Amino acid sequence: MSTAATTRRPDRAQYGVCGFLAVVGVLVIADAARLQHIANSNDPIGPKPVPIVLGVLLLLVAVLYAVDVARGGQGEAEEGEDVDVTSPVDWRTVVLLIAAFVLNLALIDPLGWVISGTLLFWGSAFALGSRHHVRNLFIAVGLALVTFYAFAIGLGVNLPAGVLQGIL
């Protein structure tokens, strides 16, 4: 065994991550404690337990991670990526993706989610290099409709219908 392996010290920077997780956990618990207890026959528990459980889990992960770092645990180096760090940034793709998101932001209220979401999904596929425009359009419409109804029916959140109000 080499002397480097026997004298390995914990990476002290990882304690910063542990501290960050602990602070976030405490903030989540403190914020959840301020929630009003609103219970009804459909939801007897109310909104408090989920964030409290998440805050406790964050604290638990922070402690377990700190113990792992103290014992000398280290993450494995990334080996599976085939990324050439010397290649330049593809600014065309970045700008097209930003344009798709800004277009969605600008059109979601006047045109509604289905149309703006379709443009977002289709524009993202185009920006990322797919050149099957008609197929991508059908997929984008399908994704926009599925997300529209999943939010409306599954979550009870109404996305804007825009010009399709009354049709959807």
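What counts and what doesn't
Residues numbered from 1 in each chain as written. Predicted model: local features only at pLDDT ≥ 70, side-chain atom pairs only at ≥ 80, totals over all residues. Heavy atoms only, no water. Helix = DSSP H or I, 4+ residues; strand = E, 2+ residues; numbered from the N terminus. Buried < 20%, exposed > 50% of the residue type's maximum accessible area, 1.4 Å probe, protein only. Contact = heavy atoms within 4.5 Å. Areas by Shrake-Rupley, 256 points an atom, 1.4 Å probe, with all protein chains shown as cover. Expected span 1.5 Å × (residues − 1). Bend = angle between axes of the 7 residues up to and from the residue. Axes fitted to C-alpha atoms, helices over the stretch in contact; angles between N-to-C directions. Parallel < 35°, antiparallel > 145°, perpendicular 65-115°, else oblique. Left-handed = near helix turned anticlockwise from the far one by under 90°. Nonpolar A, V, L, I, M, F, W, Y, C, P; charged D, E, K, R; others polar. Salt bridge = Lys/Arg side-chain N within 4 Å of Asp/Glu carboxyl O.

Named according to an unreviewed UniProt entry, the chain is Tripartite tricarboxylate transporter TctB family protein originating from Kribbella sp. HUAS MG21.

Draft legend 1. Quick peek at the overall build of the chain. Across its full length, the chain carries 6 helices and 0 strands. For the chain, with 168 residues in total, the buried portion stands at 17%. For the chain, the proportion of contacts with a sequence separation of at least 24, taken over those separated by at least 6, is 56%. A total accessible area of about 12,200 Å² is found for the chain, and carbon and sulfur atoms account for 68% of it.

Draft legend 2. View of helix α4 (residues 91-111). Between the first and last C-alpha of α4 there are 29 Å, a value that for 21 residues agrees with the 30 Å anticipated at 1.5 Å per step. Residue L105 marks the point of greatest curvature in α4, where the axis turns by about 30°. Within α4, burial applies to T93, A100 and N104. The secondary structure elements touched by the buried residues of α4 are α5 (113-127). Just downstream of α4, G112 is the residue with a positive phi angle, here 95°.

Draft legend 3. Looking closely at the packing of helix α2 (residues 13-33) against helix α3 (residues 49-70). Relative orientation of the contacting elements α2 and α3 amounts to 165°, with a least axis distance of 8 Å. Taken together, the axes of α2 and α3 lie roughly antiparallel to each other. When you trace α2 past α3, the crossing you get is left-handed. Across the interface between the two elements, Q14, Y15, V17, C18, L21, A22, V24, G25, V26, V28, I29 and A32 of α2 pack against P51, I52, G55, V56, L58, L59, V61, A62, Y65, A66, V69 and A70 of α3. By residue class, the composition of the contact of α2 with α3 is 21 nonpolar, 3 polar and no charged.

Draft legend 4. Representation of the environment of I98 within the structure. The topology assignment puts I98 in helix α4. When the C-alpha positions of I98 and L120 are compared, they lie 10.0 Å apart, and in sequence the two are 22 residues distant.

Draft legend 5. Structural context of α5. Over its 15 residues, α5 runs 20 Å from end to end, which matches the ideal 21 Å to within 8%, given 1.5 Å per residue. Listed in full, the buried residues belonging to α5 are W113, V114, S116, G117, T118, L120, G123, S124 and A127. In the core, the buried residues of α5 are packed alongside α4 and α6 (133-155). G129 sits one or two residues past α5 and shows a positive phi near 110°.

Draft legend 6. Focus on the pattern of salt bridges. All chains considered together, the criterion is met by 1 salt bridge. The residue R34 makes a salt bridge to D31 at a minimum N-O spacing of 3.3 Å. Using a relative accessible area of 64% as the deciding quantity, one classes R34 as exposed. Classification of D31 by relative accessible area gives partly exposed; the value is 45%.

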